[in-house]
Amino acid sequence: RATRQPEAALKSFARVRAIAGESGYALRRMGRVQREVGLLEASAESLTQAISLVETGDDRVALTELGHTRMAQKRPADAALSYQKVVEMDPESPAFRLFLARAREAAGAGDQALASYRKVVELDKFNLAGQLGLGNLLLAQGDPVAALPHLKEASSRNDRDPDLHFLVGRAAIQAGDIKSARYEFEKL
């Protein structure tokens, strides 16, 4: 995998399985590579098998990778189930909560996504993706006043991104904050 030869990596994982038997580690790594090369069903099977090898089913890495595979399969509701399990194991992780928020948003569960994004920002105020996700979702739900501070915070984390300045400026206009809009458009 490190040499960017995923097919060779898959053959190596098959040899590891033949020599050592089923290994959660090998299955997790294999599932990730399978996803990277587009073998989404095989990836889901490998990762599900890795999870089943752990008596408690609390393999965070495999659950996270399975969530990523489900997102690649365009099955965000299933991805959210995997991410939710990981969040329950590590409720203080902004990264896991961000995965959950994105999956919920993609699944059309707006209120749950909003709660997840809020928790990301609560855990890590400087999380650019969390601030941006929360701001964009609030904006999409028709609340530019609530969205604006989050979009401004995201923009402050990446001050050289013209798209963010445009987004903040547009949100500021919708929120009636012409001074902020002018400031963002001048930066742009």
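All of the points below concern the structure found in this document. (Residues numbered from 1 in each chain as written. Predicted model: local features only at pLDDT ≥ 70, side-chain atom pairs only at ≥ 80, totals over all residues. Heavy atoms only, no water.)

### Description of a nonpolar patch on the surface
Put simply, the rule reads: Nonpolar side chains (Val, Leu, Ile, Met, Phe, Trp, Tyr) are joined into patches within 5 Å and like charges within 9 Å, using only residues with over 30% relative accessible area and no salt bridge. To measure how exposed things are, a 1.4 Å probe is used in the Shrake-Rupley method; for residues, cover is taken only from the protein chains shown. When a carboxyl oxygen of Asp or Glu lies within 4 Å of a side-chain nitrogen of Lys or Arg, that pair is called a salt bridge. Here a strand is any run of E in DSSP of at least two residues, a helix any run of H or I of at least four, and the numbering for each starts at the N terminus.
Taken together, the side chains of Phe166, Ile173, Ile178, Phe185 and Leu188 make up a nonpolar region of the molecular surface, amounting to roughly 450 Å² of accessible area. For the nonpolar patch, the elements supplying multiple residues, two or more each, are α10 (162–175) and α11 (178–187). On the secondary structure map, Ile178 appears in helix α11.

### Details of the environment of Ala171
Here is the rule: Here a residue-residue contact requires only that any non-hydrogen atoms of the pair lie within 4.5 Å.
By the secondary structure assignment, Ala171 is in helix α10. A sequence separation of 35 residues divides Ala171 from Asn136, and the C-alpha atoms of the two residues are 9.3 Å apart. If near-sequence neighbours (up to four positions away) are discounted, Ala171 is found in contact with Leu139, Pro144, Leu148 and Leu151.

### Brief notes about the packing of helix α8 (residues 128–140) against helix α9 (residues 144–157)
Put simply, the rule reads: Axis geometry follows a simple rule: fit a line to the C-alpha atoms, using only the stretch in contact for helices, then measure angles between N-to-C directions, giving values from 0 to 180 degrees. Note on terminology: angles under 35 degrees are roughly parallel, angles over 145 are roughly antiparallel, angles of 65 to 115 are roughly perpendicular, and the others are oblique. Crossing handedness is read from the near helix: turned anticlockwise from the far helix by less than a right angle, it gives a left-handed crossing, and turned clockwise, a right-handed one. Each residue gets one label: Ala, Val, Leu, Ile, Met, Phe, Trp, Tyr, Cys and Pro are nonpolar, Asp, Glu, Lys and Arg are charged, and the others, such as Gly, are polar.
At a minimum axis separation of 8 Å, α8 and α9 run at an interaxial angle of 155°. When the axis of α8 is compared with that of α9, the two are roughly antiparallel. Crossing hand, α8 versus α9: left-handed. When α8 is examined against α9, the residues Leu128, Gln131, Leu132, Leu134, Gly135, Asn136, Leu138 and Leu139 are found in contact with a partner set consisting of Pro144, Ala146, Ala147, His150, Leu151, Glu153, Ala154 and Arg157. Grouping the amino acids of the contact of α8 with α9 by side-chain chemistry returns 10 nonpolar, four polar and two charged.

### Here's the deal with α8
Rules: The span expected for a helix works out to 1.5 Å for each residue beyond the first. Here the term buried applies to any residue with accessible area under 20% of the maximum for its type, exposed to any over 50%, and partly exposed to those in between, with areas from a 1.4 Å probe on protein chains only. Polar contacts here mean pairs of N or O atoms no more than 3.5 Å apart (in protein, one a potential hydrogen donor and the other a potential acceptor; neighbouring residues in sequence count only if both atoms are side-chain atoms).
The terminal C-alpha atoms of α8 lie 18 Å apart, and with 13 residues this matches the ideal 18 Å at 1.5 Å per residue to within 8%. Along α8, the residues that are buried comprise Gly130, Gln131, Gly133, Leu134, Gly135, Leu137, Leu138 and Leu139. Buried residues along α8 sit in contact with α6 (94–106), α7 (110–123), α9 and α10. Structurally, the start of α8 carries an N-cap: the backbone nitrogen of Ala129 is 3.2 Å from a side-chain oxygen of Asn127.

### Examining the packing of helix α4 (residues 60–72) against helix α5 (residues 76–89)
In contact at an axis separation of 8 Å, α4 and α5 are set at 160° when each is read in the N-to-C sense. Regarding the angle of α4 to α5, the classification is roughly antiparallel. The element α4 and its partner α5 pack so that their crossing is left-handed. Judged by residue contacts, Arg60, Leu63, Thr64, Leu66, Gly67, His68, Arg70 and Met71 of α4 engage Pro76, Asp78, Ala79, Ser82, Tyr83, Lys85, Val86 and Met89 from α5. For the contact of α4 with α5, the residue count by class is eight nonpolar, four polar and four charged.

### Quick notes on the environment of Leu148
Along the polypeptide, Leu148 turns up in helix α9. Linking Leu148 and Val37, residues 111 residues apart in sequence, is a C-alpha distance of 39 Å. Apart from the residues lying within four places of it in its own chain, the contact partners of Leu148 are Val168, Ala171, Ala172, Ala175 and Asp177.

### A closer look at the pattern of salt bridges
The final tally for this structure, using the stated rule, is nine salt bridges. Across the salt bridge formed by Lys152 and Asp177, the nearest N and O atoms sit 3.8 Å from each other. Residue Lys152 is located in helix α9, and its partner Asp177 is located in the loop between α10 and α11; the two are separated by 25 residues in the primary sequence. Judged by its relative accessible area of 32%, Lys152 falls in the partly exposed class. Taking the relative accessible area as the measure of exposure, Asp177 reaches 24% and is therefore partly exposed.

### Here's the deal with the side chain of Asp59
Inspection of the secondary structure assignment puts Asp59 in the loop between α3 (40–53) and α4. Classification of Asp59 by relative accessible area gives buried; the value is 7%. Non-local contacts of Asp59, meaning those with residues more than four positions away in its chain, are made with Arg28, Ala50, Ile51 and Val54.

### A closer look at the side chain of Asn127
Considering the arrangement of structural elements, one finds Asn127 in the loop between α7 and α8. A residue is classified by how much of its surface remains accessible, and Asn127, at 14% relative accessible area, is buried. Within polar-contact distance, the side chain of Asn127 engages the backbone nitrogen of Gly130 at 2.7 Å. Residues contacting Asn127, with those up to four places away along its chain left out, are Pro94, Leu98 and Val120.

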